[in-house]
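Below are the chains, spelled out letter by letter.
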Amino acid sequence: MFIDGRKGLHLVITGAPGTGKGTHAGVIKRHFNICHLSAGEMLREEIRKRTEVGKKLEPLLAGGNFAPDELIMEMVAKRIREDDCRNGFILDGFPRTLKQAEFLDKMLLENGIKLDAVLEIIVPDDVIIRRILGRYTCVTCGESYSDDFHKPQVKGVCDICGGRKFSKRLDDTEETVERRLVKYRDFTYPTIAYYREKGILRVVNGNGDVADVSARIDEVLGFN
Ligand SMILES: [Zn+2]
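Rules and cut-offs
Residues numbered from 1 in each chain as written. Predicted model: local features only at pLDDT ≥ 70, side-chain atom pairs only at ≥ 80, totals over all residues. Heavy atoms only, no water. Axes fitted to C-alpha atoms, helices over the stretch in contact; angles between N-to-C directions. Helix = DSSP H or I, 4+ residues; strand = E, 2+ residues; numbered from the N terminus. Parallel < 35°, antiparallel > 145°, perpendicular 65-115°, else oblique. Left-handed = near helix turned anticlockwise from the far one by under 90°. Contact = heavy atoms within 4.5 Å. Nonpolar A, V, L, I, M, F, W, Y, C, P; charged D, E, K, R; others polar. Core = buried A, V, L, I, M, F, W, Y, C linked by side-chain atoms within 4.5 Å. Buried < 20%, exposed > 50% of the residue type's maximum accessible area, 1.4 Å probe, protein only. Phe/Tyr/Trp six-rings, centres within 6.5 Å; stacked < 30°, edge-to-face > 60°.

Draft legend 1. Spatial organisation of the packing of helix α4 (residues 69-79) against helix α5 (residues 98-110). Axis separation between α4 and α5 bottoms out at 11 Å; the angle between their running directions is 30 degrees. As summarised for this structure, α4 and α5 are arranged roughly parallel, according to the angle between their axes. Our pair here, α4 against α5, has a crossing hand that is right-handed. Facing α4, whose interface residues are Asp 69, Glu 70, Ile 72, Met 73, Val 76 and Ala 77, α5 presents Lys 99, Gln 100, Phe 103 and Met 107.

Draft legend 2. Main features of the packing of helix α6 (residues 125-133) against helix α7 (residues 174-198). Contact geometry for α6 and α7: axes closest at 10 Å, N-to-C directions at 135 degrees. If you check the angle between α6 and α7, you find them oblique. As α6 packs across α7, the resulting crossing turns out to be right-handed. Within the contact between the two elements, α6 uses Asp 125, Ile 128, Ile 129, Ile 132 and Leu 133 and α7 uses Glu 174, Val 177, Glu 178, Arg 180, Leu 181 and Arg 185. Classifying every residue of the contact of α6 with α7 gives six nonpolar, no polar and five charged.

Draft legend 3. Inspection of the nonpolar core at higher detail. Residues Leu 104, Leu 115 and Tyr 195 are the most contacted members of the largest nonpolar core, which totals 56 residues. When residues of this core are assigned to their parent elements, the largest contribution, six residues, is made by α7. When neighbours within four sequence positions are excluded, Leu 115 is seen to be in contact with His 10, Leu 11, Val 12, Phe 89, Leu 104, Leu 108, Tyr 195 and Ile 200.

Draft legend 4. Region of interest: the packing of aromatic side chains. Throughout the structure, instances matching the rule amount to six aromatic pairs. On the basis of an interplanar angle of 90 degrees and a centroid distance of 5.5 Å, the ring pair of Tyr 136 and Phe 166 is categorised as edge-to-face. Of this pair, Tyr 136 sits in strand β5 (residues 135-138) while Phe 166 sits in strand β7 (residues 166-167), and the two are 30 residues apart along the sequence. For the pair Tyr 184 and Tyr 189, a centre-to-centre distance of 5.8 Å together with 85 degrees between the ring planes defines the contact as edge-to-face. The exposure class assigned to Tyr 184 is buried, which follows from its relative accessible area of 6%. The class of Tyr 189 is partly exposed, set by a relative accessible area of 40%. Three or more aromatic residues joined by ring pairs form one cluster here, namely Tyr 136, Tyr 145 and Phe 166.

Below you can see the structure in the form of structure tokens.
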């Protein structure tokens, strides 16, 4: 919602790495024609383009660390003003720290936007590790897949764009996954408490296939 009552949908999707945030953000994005802002994708884009920022980021992310708050906040602030976000957005991988959550509130207020809900997806750790080690992304459109729970309908062909090139993330190794889970608990848990306090947190069980989880999400967000 916008503060002046215009329509729009503004969501945050959160959860540990490998809980299916990217996949479900994609489903919601297509359904409501809003933009999907993945902090991780935006950062990896900087690295791919070999920008100054990207060169600094590469060793940090490869080691399973977070990107600096300031940098992420600047990227998100710029992106939500672009045209494809006029119907709203779903933020994925941001805010990741309490500082980022407070910044987001301030920034949304300045833009006359109110966050509708924060969706937390919960999945057991052993399932997360198995999923992450088996996941890959369409190079053309960014859709994420997993041999474990979300295979393309035709082997080797993207369901969304028909692309045939897929890539795996460099940081999807068992060691960095465990580090990312610890970091998630240390830094992102406080944001969950923050949103629970505000009364906009919605929690969903993310274990199971995409269609089942998607139906549960529609229910907790009141979409049906
Ligand atoms: Zn694709």
